[in-house]
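# Examination of the molecular architecture
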Amino acid sequence: MPINRKITITERQNAAEIRSLFNVGPAITAESISTNSTFGLAENSTVIKKFIKTTTSDLGTLPTITQTYEFSKTNSTDSLSDWSTFVSNNLVTNVPSDHFTNIEGFYDLNDAANLSLTQQTYIANVNYEYNFLIEAFEKTIQAPFFDEKILPNMYAIMYAKTEEDIGSQTRIFNNIVTLNNTLNATETYSIQKKALTNKSPQGEYHDLFAKTLKKIQNRRIIVNTKNITNVMRNIVVPPEQLKAINEMSAYKELYPMYSEINITMDKFSGFSTLLRDSNLTLSLINYVINSPPQLGSFAYSEQVVEYAVGSVLNPTTKNNVSTKVLNTYNIYDWWQKTKDDFTPSETNNDNTLILGIDDETKKITEKGYEFARALSYLIFYGKLRKLAALTQRNFDQTISAEPAYSEAVFYKVTKHRTGSAIPIQTFWIPNSAEMDTFQFIDTQVKYNTSYDYKISSFAIVIGSGISTANMGTSAAGSSFIATLDYTTTPVVTLVEIPVYNVTNKIIDDPPLPPEILVIPSKNINNKIKFFFNNSTGEEVAPFYQINSDEAASNKVINTMFTSLPNDKIRFKSDDIASFFEVFRLNSKPTSYSSFENSRIANVATDYNLNTPVKASSASFIDTIAPNTKYYYTFRTIDFHGHISNPTDVYEIQMVDNDGAIYLQTNMLSIKDFKENKIGKKVLKKLFYIKPEILQTFVNEAMVEKYGMTKADDIYGLGSPNILGVAEMPVWNKSFKLRFISKKTGKMFDLNLNLEVEIDKENL
């Protein structure tokens, strides 16, 4: 299983020739330049080269560095004319520009965990999540007639949050949320307001949305959604909205299904910061969206880590010999073109949705802001000159293959139907060193549809443009001398680099086994009633099949969760039960496969075939013979036909002892039937504990008390309470939390100890 580790960027026609001349390369450091090396092809002609001086110029556009080299040849019988011809024929003066650099590739989250990586690791992953079932919505949107781009978008809903805005034709967010006002605007706003405060029934908005789609499909409503599908082609996150949008991920549980995209942000952000400070991030993204790239100049190769499937031992690293041509954009061309000729075609908002309210960053891309825009471009260029001066390479560093400065400026995430090269949507996410990981939630997805997500890093590379001048030859005693100036000028290029891709589909998990209650009938010796109820929670366990043809379907489900062991899958109560299966044997089973072909009933939960509503429980009455042992097991089949594990085996006998009728029930323990399982219920929707902000501040008084002057001083002090400036500290104290069911009154206690954990490795 290969995973990305490092990506090397080169120009297809790089400086190999000049490196060969100086006998240096990627594995040889810049200091090697002062050593002897062969110059040219002349017989018995050893040339000594040495570095003389460096001149830095800050005039003109970008700062330049000029280095003068002297080449000398001694003990020669050649004439000065021969030497001049030799130098002219062999000394390279036409040196191509060089953008050699290394980019950190992205590990998949599962791979990073398997390899136990401890160093700074760039991680990306896409979780395909099925949250809950809204039957009418799920069925309706499956029609090919409906484009994913018109489905509910979580961010549009979050930004269309005022009652006055809903229904306004001038607000694109509201057009999206109400499908161009085909949904009742007031009702839509009311539902969303309730949903965000957990006061709305689950899926109420999606039910309303599905009803409207049905009317559109049946042509009871005629609506043109082209303005929505066009603007949803590109969804752009402004840099000032990164934090807010990251926090909106908390509302993903309100949506029946979604893809969760996680990206580690690049900690090198000099260019990203100056772009953001100049309010030009959106300008550059818009330019990339609407301008053709330069092709054919750059290529990349990948270094990958491989390990055997199912094993994380002895991973091997190798270079991928294949290369790919990369899209590039010249930053100076963008700056020059957009600052002087900023036309609507270069900021085509008809195909782009910018998330957030109107702000200065967004306004800078519009007409009427020419002066502000000119000022922003002026500020940007001044800061770019400073960054280039700090990061540019001189000629020594360039020909020694010292990597050029590079950093991720923004990320492009494209969503494709599997097998299609044309993206459904593209998400544009600026880099920020102010956060470790950014999470983007894509709610515009369909059930059981395979999607490819491809992530590209748009990285800035400050390469070296190289020119030569002032070639001269002379004689000094028995030596011949040649001099040549090599001048490097920063060439700032934006390069699109593929860093991650994944393919999967959103499907629900198999359900949990049902909860069973066995109820005897009073004074009746041949009837027994089983009461079924949906289980809640989730567990990871092997699948114990009853029928021989069942393993294949759950094996497909298992591919959704590559982090799980090969023999286990996740079972979860994310769906409703359509049926409860009842299996019965008259003899003691030896394994679950003993129940094959012994199903006696499918108990449906659909108590009204005219409605989509299904019950969460059901019952079944079985007719049996008295004083006879029977062996039962039960399973749940959910709405999508997925099968649960069987329950424990029930040994049941209805005893009739001369009219004294009573039930005997034993839970049969069959070795290797099932592993001991530990169920769990996820409380993240309802319950979350964290210390308040004052409890996390470092207490300066305690630091002074212990005489700590640096982080390492905490070693050997045990666990001193150096955190918290609140009046009542919580650390090293115990708390009891009591949970009481509103329905049953049952309760349980959770005892917590709050302790400070010291991360010694990263202290």
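Worth saying up front: this structure is predicted, and the values here are computed from it rather than measured.

## A look at the overall build of the chain
Assigned secondary structure in the chain consists of 18 helices and 29 strands. Expressed as a percentage of its 763 residues, the buried residues of the chain come to 48%. Put simply, of all contacts in the chain between residues at least 6 apart along the chain, 76% involve residues at least 24 apart. Carbon together with sulfur atoms contributes 50% to the accessible area of the chain, which is approximately 38,000 Å² in total.

## Quick notes on the sheet that holds strand E27 (residues 660-668)
Spatial ordering of the open sheet is given by E23-E22-E25-E26-E27, a layout of five strands whose pairing is antiparallel. Edge strands, defined here as strands with exactly one partner in the open sheet, are strand E23 (599-604) and E27. Put simply, the sheet's adjacent strands are angled 25 degrees from each other on average, direction ignored. Two strands pair when backbone bridges link them, and strand E22 (residues 577-585) and E23 are joined in this way by five bridges, in the antiparallel orientation.

## Concerning the packing of aromatic side chains
For the coordinates displayed, the defined rule picks out 30 aromatic pairs. Note on Tyr 128 and Tyr 453: the rings are 5.7 Å apart at their centroids and 75 degrees apart in plane angle, and the pair reads as edge-to-face. Taken together, the positions of Tyr 128 in strand E7 (residues 123-130) and Tyr 453 in strand E16 (residues 450-476) put the pair 325 residues apart, joining distant regions of the chain. Ring geometry for Phe 530 versus Tyr 632: centroids 4.7 Å apart, planes at 55 degrees, classification tilted. Here Phe 530, found in strand E19 (residues 527-533), pairs with Tyr 632, found in strand E25 (residues 629-638); they are 102 residues apart in sequence, far enough to count as distant. Among the aromatic residues, ring-to-ring pairing joins Phe 530, Phe 532, Phe 580, Tyr 632, Phe 634 and Tyr 650 into one connected group.

## Focus: helix H2 (residues 80-90)
Restricting attention to buried positions, one finds in H2 the residues Trp 83, Phe 86 and Val 87. Relative to the axis of H2, the buried residues are bounded by an arc of 95 degrees and lie together on one face. Across from the buried face of H2, at angles greater than 90 degrees, the exposed residues are Ser 81 and Asn 89.

## Remarks on the environment of Phe 735
With respect to the helices and strands, the residue Phe 735 is situated in strand E28 (residues 733-740). Given the relative accessible area of 35%, Phe 735 is considered partly exposed. Remark: the alpha-carbon pair of Phe 735 and Asn 753, spanning 18 residues in sequence, is separated by 6.5 Å. Contact partners of Phe 735, with chain neighbours within four places excluded, come to Val 730, Leu 750, Asn 751, Leu 752 and Leu 754.

## Points about the pattern of salt bridges
Applying the stated criterion across every chain yields a total of 15 salt bridges. Across the pair Arg 599 and Glu 581 runs a salt bridge, and its minimum N-O distance is 2.8 Å. Highlighted residues: Arg 599 in strand E23 and Glu 581 in strand E22, separated in sequence by 18 residues. Among the residues examined, Arg 599 registers a relative accessible area of 47% and is labelled partly exposed. For Glu 581, a relative accessible area of 3% translates into the label buried. Taken together, the shared-partner salt bridges in this structure form one network comprising Arg 276, Asp 277, Lys 383 and Glu 434.

## Considering the side chain of Thr 647
Within the secondary structure, Thr 647 is located in the loop between E25 and strand E26 (649-657). Excluding residues within four positions of it along the chain, Thr 647 makes contact with Pro 513, Pro 514, Ile 516, Tyr 592, Thr 633 and Phe 634.

## What about helix H11 (residues 270-277)?
Of the positions making up H11, those classed as buried are Phe 271, Ser 272, Leu 274 and Leu 275. Positive backbone phi, approximately 60 degrees, marks Asn 279, located one or two places after H11.

## Description of the environment of Asp 452
Along the chain, Asp 452 turns up in strand E16. The buried category is assigned to Asp 452, whose relative accessible area is 10%. Residues Asp 452 and Pro 423, spaced 29 residues apart in sequence, show a C-alpha to C-alpha distance of 9.0 Å. Sequence-distant contacts of Asp 452, defined by excluding residues within four places in its chain, comprise Thr 414, Lys 415, His 416, Arg 417, Thr 418, Gly 419, Val 502 and Thr 503. Looking at Asp 452, its side chain comes within polar contact range of the side chain of Thr 418, at 2.9 Å.

## Side note on the nonpolar core
Within the largest apolar cluster, 82 residues are counted, with the highest numbers of intra-cluster contacts made by Ile 261, Leu 355, Ile 429, Phe 438, Phe 440, Tyr 453 and Ile 497. Not counting residues within four places of it along the chain, the set of residues in contact with Ile 261 comprises Asn 125, Val 126, Val 413, Phe 427, Phe 438, Gln 439, Phe 440, Tyr 453 and Ile 455. Val 236, Tyr 381, Phe 410 and Phe 458 belong to the second-largest nonpolar core, a separate cluster that totals 31 residues.

## Some details on the sheet that holds strand E24 (residues 617-623)
The strand order across the open sheet built from three strands is E18-E19-E24, with neighbouring strands paired in antiparallel fashion. In the strand order of this sheet, the two ends are held by strand E18 (515-520) and E24, each with one partner. Direction aside, the axes of adjacent strands within the sheet are offset by 20 degrees on average. In the sheet, E18 pairs with E19 via six bridges, with the strands oriented antiparallel. In the strand pairing of E19, Ile 516 is matched with Phe 532.

## What about the confidence of the model for the chain?
When pLDDT is averaged along the chain, the result is 78, and 72% of the positions lie at 70 or above. Mean pLDDT in the chain bottoms out at strand E2 (residues 37-38), which sits at 37, and peaks at strand E14 (residues 425-430), which reaches 97. For the stretch residues 309-313, pLDDT sits under 50, and the model shows three contacts to residues farther than four places along the chain or on other chains. Every residue in residues 343-347 scores below 50 in pLDDT, and together they form 13 contacts with partners more than four places removed in sequence or on other chains.

## Quick notes on the pairing of strand E13 (residues 405-417)
Within E13, 12 of the 13 residues are buried, leaving the element largely enclosed by the surrounding structure. The pairing of E13 with E16 spans 12 bridges and is antiparallel. Its bridge partner lying in E16, Thr 414 is registered against Lys 454. As judged from the six bridges shared by E13 and E14, these two strands associate in the antiparallel manner. In the sheet register, Thr 414 faces E14, and the bridge partner there is Thr 426.

## Some words on a nonpolar patch on the surface
Taken together, Leu 375, Leu 378 and Ile 379 make up a surface patch of nonpolar side chains, about 280 Å² in accessible area. Its location among the elements puts Leu 378 in helix H15 (residues 370-391). Residue classification places Leu 378 among the exposed residues on the basis of a relative accessible area of 61%.

Reading guide: rules and limits
- Residues numbered from 1 in each chain as written.
- Predicted model: local features only at pLDDT ≥ 70, side-chain atom pairs only at ≥ 80, totals over all residues.
- Heavy atoms only, no water.
- Helix = DSSP H or I, 4+ residues; strand = E, 2+ residues; numbered from the N terminus.
- Buried < 20%, exposed > 50% of the residue type's maximum accessible area, 1.4 Å probe, protein only.
- Contact = heavy atoms within 4.5 Å.
- Areas by Shrake-Rupley, 256 points an atom, 1.4 Å probe, with all protein chains shown as cover.
- Pairing = 2+ DSSP bridges.
- Axes fitted to C-alpha atoms, helices over the stretch in contact; angles between N-to-C directions.
- Phe/Tyr/Trp six-rings, centres within 6.5 Å; stacked < 30°, edge-to-face > 60°.
- Arc of directions from axis to C-beta.
- Salt bridge = Lys/Arg side-chain N within 4 Å of Asp/Glu carboxyl O.
- Polar contact = N/O pair within 3.5 Å; in protein donor to acceptor, adjacent residues only side chain to side chain.
- Core = buried A, V, L, I, M, F, W, Y, C linked by side-chain atoms within 4.5 Å.
- pLDDT = per-residue confidence, 0-100.
- Patch = residues over 30% accessible without salt bridge, like charges linked within 9 Å, V, L, I, M, F, W, Y side chains within 5 Å.

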